[in-house]
Amino acid sequence: MEKDEFTKLVVNGLERIIFEGEIGTSQSYVIYQLSPQYYVQIAGSRGDLNVHCEAVGNSFIEFSTQINGHQIQQLLKLGWSEAGDMNHTIELPVDSIESRQKLAELFYETAAIYGATTISNVEVEIG
């Protein structure tokens, strides 16, 4: 998948969770499936200026396809947290078109680290 197509899918899903739904309702999310093992996701609500993002951690990946130490270091350089027993996380602003595009580009760079730059499925849940 070309980077432009990838980032457009990410921005479209992101904008759904921050522009749709009722203000003050439960959180919405969007999951971008990169392969059967790898995904990135965003959680937020309508009107949010910042969102919570996650990239799958090794605790949720089959042993044979877990990412290695070098890949983890690359994720950390992009600003993702250590995963520990959970997913890698990062909080990002989404208050402008530019910040939403920057988030989408981060997701593309993250997908490249996983070796899976095609979004095979997008799941959106509006709270």
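Only a predicted model underlies this, so the values are computations on that prediction, with no experimental measurement involved.

## Comments concerning the packing of aromatic side chains
Phase 1 of the analysis: Under the definition given, this model contains 4 aromatic pairs.
Phase 2 of the analysis: Ring geometry for Phe6 and Tyr108: centres 5.1 Å apart, planes at 80°, overall edge-to-face. A residue pair is termed long-range when its members are at least 10 positions apart, and Phe6 in helix H1 (residues 3–19) and Tyr108 in helix H3 (residues 97–114) qualify at 102 residues. There is no split in this pair, since Phe6 and Tyr108 are both buried.
Phase 3 of the analysis: The structure contains a cluster of three or more aromatic residues connected by ring pairs, namely Tyr32, Trp80 and Phe107.

## A few points about H1
Phase 1 of the analysis: The terminal C-alpha atoms of H1 lie 24 Å apart, and with 17 residues this matches the ideal 24 Å at 1.5 Å per residue to within 8%.
Phase 2 of the analysis: All of the buried residues along H1 are Phe6, Thr7, Val10, Val11, Gly13, Leu14, Ile17 and Ile18. Each buried residue of H1 lies within a common arc of 165° when the element is viewed along its axis, so the set occupies one face. In H1, the exposed positions that point more than 90 degrees away from the buried face belong to Asp4 and Lys8.
Phase 3 of the analysis: Looking at the residues trailing H1, positive phi occurs at Gly21, about 85°.

## Description of the side chain of Ser99
Phase 1 of the analysis: Looking at the secondary structure, you find Ser99 in helix H3.
Phase 2 of the analysis: Judged by its relative accessible area of 12%, Ser99 is buried.
Phase 3 of the analysis: A polar contact of 3.1 Å, which involves the side chain of Ser99, links it to the backbone nitrogen of Asp95.
Phase 4 of the analysis: With near-sequence residues (within four places) excluded, Ser99 lies in contact with Pro93 and Val94.

## A look at the sheet that holds strand E2 (residues 39–44)
Phase 1 of the analysis: Strand order in this open sheet of 5 strands is E4-E3-E2-E1-E5, and the pairing throughout is antiparallel. Every other strand in the sheet has two partners, leaving strand E4 (88–93) and strand E5 (121–125) as the edge strands with one partner each. When strand polarity is set aside, the average angle formed by the axes of neighbouring strands in this sheet is 15°.
Phase 2 of the analysis: With 4 bridges joining them, E2 and strand E3 (residues 50–55) adopt antiparallel strand pairing. Within E3, the residue paired with Ala43 across the bridge is His52.

## Observations regarding the packing of helix H2 (residues 69–78) against H3
Phase 1 of the analysis: Across the interface, H2 lies against H3 with an axial gap of 10 Å and an inter-helix angle of 170°. Between H2 and H3, the crossing angle belongs to the class labelled roughly antiparallel. Together, Gln71, Gln74, Leu75 and Leu78 of H2 and Leu106, Glu109, Thr110, Ile113 and Tyr114 of H3 make up the contact between the two elements.
Phase 2 of the analysis: Here the contact of H2 with H3 is built from residues that sort into 5 nonpolar, 3 polar and 1 charged.

Criteria and cut-off values
Residues numbered from 1 in each chain as written. Predicted model: local features only at pLDDT ≥ 70, side-chain atom pairs only at ≥ 80, totals over all residues. Heavy atoms only, no water. Phe/Tyr/Trp six-rings, centres within 6.5 Å; stacked < 30°, edge-to-face > 60°. Helix = DSSP H or I, 4+ residues; strand = E, 2+ residues; numbered from the N terminus. Buried < 20%, exposed > 50% of the residue type's maximum accessible area, 1.4 Å probe, protein only. Expected span 1.5 Å × (residues − 1). Arc of directions from axis to C-beta. Polar contact = N/O pair within 3.5 Å; in protein donor to acceptor, adjacent residues only side chain to side chain. Contact = heavy atoms within 4.5 Å. Pairing = 2+ DSSP bridges. Axes fitted to C-alpha atoms, helices over the stretch in contact; angles between N-to-C directions. Parallel < 35°, antiparallel > 145°, perpendicular 65-115°, else oblique. Nonpolar A, V, L, I, M, F, W, Y, C, P; charged D, E, K, R; others polar.

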